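# Overview (structure and organization)
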Amino acid sequence: MTPQHVIIIASALGGLIGGMGMGGGTLLIPLLTLAAGLEQHLAQAINLIAFVPLSVVALVIHKKNGYVSFKKAAPIAVVALVGAVAGSFGAKYAGGYVLRSCFGAFLTALGVYQAVKAIVEIVKRHKEKKLNTVCHSKRSEESAM
């Protein structure tokens, strides 16, 4: 498989999961750097270029479905814009190794957070199920008397 094939496949997959709100760059950037051998700066630039049209399409669909409140999103958008400008200037002066390390640390922290969140939810559901079973057993015993 050529690097061009990897770029096309990674872009399609990144767009697919990005449209679901997961952040396509989570998949696209590692695939572009690891599988296609692109430099970190270029992979991040390709991700941003792919992000703009995909986010517009996703925004239109989510707005149509009633999931978007521009009033609530405005303050977040302002802060995100400031962060994007600061990040762009920072990335310009950072080397590829620094960008890769920061992106890897971010993905690792995100993965740990999601894993802990999932485990807490599983434990919570297990406790609720166990409590419901105990309550149901007591009600059955009381009604049998």
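Above: the structure in question.
### Overview of the overall build of the protein chain
- When its secondary structure is counted, the protein chain shows five helices and zero strands.
- Looking at the 145 residues of the protein chain, the share that counts as buried comes to 16%.
- Relative to all contacts within the protein chain whose residues are 6 or more apart in sequence, the contacts with residues 24 or more apart total 46%.
- A total accessible area of about 11100 Å² is found for the protein chain, and carbon and sulfur atoms account for 72% of it.

### Focus: the nonpolar core
- Counting nine residues, the largest nonpolar core is built from Val6, Ala10, Leu28, Ile29, Leu32, Ala36, Leu38, Ala43 and Phe103.
- Taken together, the elements giving at least two residues each to this core come down to helix 1 (3–19) and helix 2 (25–35).
- By residue number, the principal contributor to this core is helix 2, which donates three residues.
- For isoleucine 29, the residues in contact, after removing those within four places along its chain, are Gln40, Ala43, Gln44, Asn47 and Phe103.

### A few points about helix 3 (residues 40–64)
- Helix length check: helix 3 (25 residues) gives 35 Å between terminal C-alpha atoms against 36 Å at 1.5 Å per residue, within 8%.
- Along helix 3, the largest kink reaches about 30° and is centred on phenylalanine 51; proline proline 53 follows within four residues of it.
- By the burial criterion, the buried members of helix 3 are Gln40, Ala43, Asn47 and Ala58.
- Just past helix 3, the residue glycine 66 takes up positive phi, approximately 80°.

### Thoughts on helix 4 (residues 70–93)
- With 24 residues, helix 4 should reach 34 Å at 1.5 Å per residue; the first-to-last C-alpha distance of 34 Å fits that figure.
- With one of 24 residues buried, helix 4 is to be regarded as a mostly surface element.

### Quick look at the pattern of salt bridges
- Going through the model one piece at a time under the given rule, you end up with one salt bridge.
- Across the salt bridge formed by glutamate 121 and arginine 125, the nearest N and O atoms sit 3.1 Å from each other. With a gap of four residues between them, glutamate 121 and arginine 125 both fall in helix 5 (residues 96–144), about one helical turn apart.
- Among the residues examined, arginine 125 registers a relative accessible area of 55% and is labelled exposed.

### Here's the deal with the packing of helix 2 against helix 3
- Between helix 2 and helix 3, whose axes approach to 9 Å, the crossing angle comes to 145°. As helix 2 packs across helix 3, the resulting crossing turns out to be right-handed. When helix 2 is examined against helix 3, the residues Gly25, Leu28, Ile29, Leu32 and Thr33 are found in contact with a partner set consisting of Gln40, Ala43, Gln44, Ile46, Asn47 and Ala50.
- Split by residue class, the contact of helix 2 with helix 3 holds six nonpolar, five polar and no charged.

### Some points on the side chain of glutamine 40
- Position of glutamine 40 among the secondary structure elements: in helix 3.
- A relative accessible area of 1% places glutamine 40 in the buried class.
- Setting aside its immediate chain neighbours within four residues, glutamine 40 contacts Ile29, Thr33, Gly96, Leu99, Arg100 and Phe103.

### Quick look at the environment of histidine 5
- Note on placement: histidine 5 falls in helix 1.
- Separated by 31 residues in the primary sequence, histidine 5 and alanine 36 have C-alpha atoms spaced 8.7 Å apart.

Calculation criteria
- Residues numbered from 1 in each chain as written.
- Predicted model: local features only at pLDDT ≥ 70, side-chain atom pairs only at ≥ 80, totals over all residues.
- Heavy atoms only, no water.
- Helix = DSSP H or I, 4+ residues; strand = E, 2+ residues; numbered from the N terminus.
- Buried < 20%, exposed > 50% of the residue type's maximum accessible area, 1.4 Å probe, protein only.
- Contact = heavy atoms within 4.5 Å.
- Areas by Shrake-Rupley, 256 points an atom, 1.4 Å probe, with all protein chains shown as cover.
- Core = buried A, V, L, I, M, F, W, Y, C linked by side-chain atoms within 4.5 Å.
- Expected span 1.5 Å × (residues − 1).
- Bend = angle between axes of the 7 residues up to and from the residue.
- Salt bridge = Lys/Arg side-chain N within 4 Å of Asp/Glu carboxyl O.
- Axes fitted to C-alpha atoms, helices over the stretch in contact; angles between N-to-C directions.
- Left-handed = near helix turned anticlockwise from the far one by under 90°.
- Nonpolar A, V, L, I, M, F, W, Y, C, P; charged D, E, K, R; others polar.

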